[in-house]
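Okay, here's what each chain looks like letter by letter:
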Amino acid sequence: MNMTDERPLQDLGLLFLRLSGGLFLLWVHGLPKLLHYSVELTRIEDPFHLGAAPTLILAIFAEVLCPLLIMAGVLVRLACLPILFLLAVALLVVHPQWSLEEGQFGWLLLIVFTSVFIAGPGRLALNARFDGVLRHA
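Residues numbered from 1 in each chain as written. Predicted model: local features only at pLDDT ≥ 70, side-chain atom pairs only at ≥ 80, totals over all residues. Heavy atoms only, no water.

By the naming in an unreviewed UniProt entry, the protein chain goes by DoxX family protein and is assigned to Pseudomonas beijingensis. The annotation that UniProt attaches to the protein chain under Subcellular location (unreviewed entry) is "Cell membrane". In its Sequence similarities (unreviewed entry) section, the UniProt record describing the protein chain reads: "Belongs to the DoxX family." (UniProt positions renumbered as here; feature names shortened; annotations may be inferred.)

Below is the structure:
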């Protein structure tokens with residue numbers, strides 16, 4: 001198999017990574033926060049003392065809108081940044097007492113979205129239709 005044969009498989013792998021990681025984050029964390037907003041307001045941690053509502057809105061942005069952009073392949077690298085920030089804060093600031101086993105889901109999501117950030121969306125993304133800097137965002 002030569003290099004030109006591998007490119008479609010790489011693009012398919014990146015598509016799978018974007019779709020599976022995005023859908024997982026959206027389904028497990030984002031949608032519950034969005035659908036149960038009032039309950040989540042009473043439970044959300046507020047490590048930067050912004051208030052429960054702004055903190056929850058930022059979490060919903062990172063866990064709903066950003067995964068949707070990533071799955072669609074629009075501004076993928078840019079959309080990874082809020083997710084990476086949210087995961088780092090959750091693991092290092094909100095739950096620093098967690099063992100590796102307790103935080104494994106968060107660490108795996110951090111690995112997935114860091115990989116997407118580094119590799120980019122691949123050619124099977126709406127970004128591929130853009131010109132200039134938006135193509136690589």
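Asker: I tried to follow the nonpolar core on my own but got confused; where do I start?
Answerer: Inside soluble globular proteins, nonpolar side chains tend to come together where they are buried. Core analysis: the biggest nonpolar cluster contains 14 residues, and I70, C80, I83, L87 and F113 have the highest contact counts within it. Elements that contribute at least two residues to this core include exactly α3 (52-72), α4 (76-94) and α5 (104-119). Per-element accounting of this core gives the leading share, seven residues, to α4. Here L87 is in contact with G106, L109, L110 and F113, once residues within four sequence places are set aside. Listed in part, the seven residues of the second largest apolar core include L26, I44, I60 and V64. (Core = buried A, V, L, I, M, F, W, Y, C linked by side-chain atoms within 4.5 Å. Buried < 20%, exposed > 50% of the residue type's maximum accessible area, 1.4 Å probe, protein only. Helix = DSSP H or I, 4+ residues; strand = E, 2+ residues; numbered from the N terminus. Contact = heavy atoms within 4.5 Å.)

Asker: Before we go on, may I ask you to explain the packing of aromatic side chains in this structure?
Answerer: Geometry of an aromatic ring pair is reported as the spacing of the ring centres plus the angle between the planes. Inspection of the entire model under this criterion finds two aromatic pairs. Note on F24 and F105: the rings are 5.2 Å apart at their centroids and 50° apart in plane angle, and the pair reads as tilted. Pair noted here: F24 is in helix α1 (residues 3-35) and F105 is in helix α5, with a separation of 81 residues, a long-range link. Relative to F85, the ring of F48 lies with its centre 6.2 Å away and its plane at 20°, an arrangement referred to as stacked. (Phe/Tyr/Trp six-rings, centres within 6.5 Å; stacked < 30°, edge-to-face > 60°.)

Asker: Got a minute to help me understand a nonpolar patch on the surface in this structure?
Answerer: Residues F48, L50, L58 and F85 make up a contiguous nonpolar surface patch of roughly 430 Å² in combined accessible area. In this fold, F48 is placed in the loop between α2 (37-43) and α3. Using a relative accessible area of 44% as the deciding quantity, one classes F48 as partly exposed. (Patch = residues over 30% accessible without salt bridge, like charges linked within 9 Å, V, L, I, M, F, W, Y side chains within 5 Å. Areas by Shrake-Rupley, 256 points an atom, 1.4 Å probe, with all protein chains shown as cover. Salt bridge = Lys/Arg side-chain N within 4 Å of Asp/Glu carboxyl O.)

Asker: Honestly, the packing of α3 against α4 in this entry has me stumped. Any pointers?
Answerer: Helix-helix packing: each pair is described by the crossing angle between the helix axes and the interaxial distance. In contact at an axis separation of 9 Å, α3 and α4 are set at 150° when each is read in the N-to-C sense. As judged from the angle between their axes, α3 and α4 are roughly antiparallel. For the pair α3 and α4, the sense of crossing is left-handed. Here A59, F61, A62, E63, C66, P67, L69 and I70 of α3 lie close against α4, whose contacting residues are V76, A79, C80, P82, I83 and L86. The class makeup of the residues in the contact of α3 with α4 is 13 nonpolar, no polar and one charged. (Axes fitted to C-alpha atoms, helices over the stretch in contact; angles between N-to-C directions. Parallel < 35°, antiparallel > 145°, perpendicular 65-115°, else oblique. Left-handed = near helix turned anticlockwise from the far one by under 90°. Nonpolar A, V, L, I, M, F, W, Y, C, P; charged D, E, K, R; others polar.)

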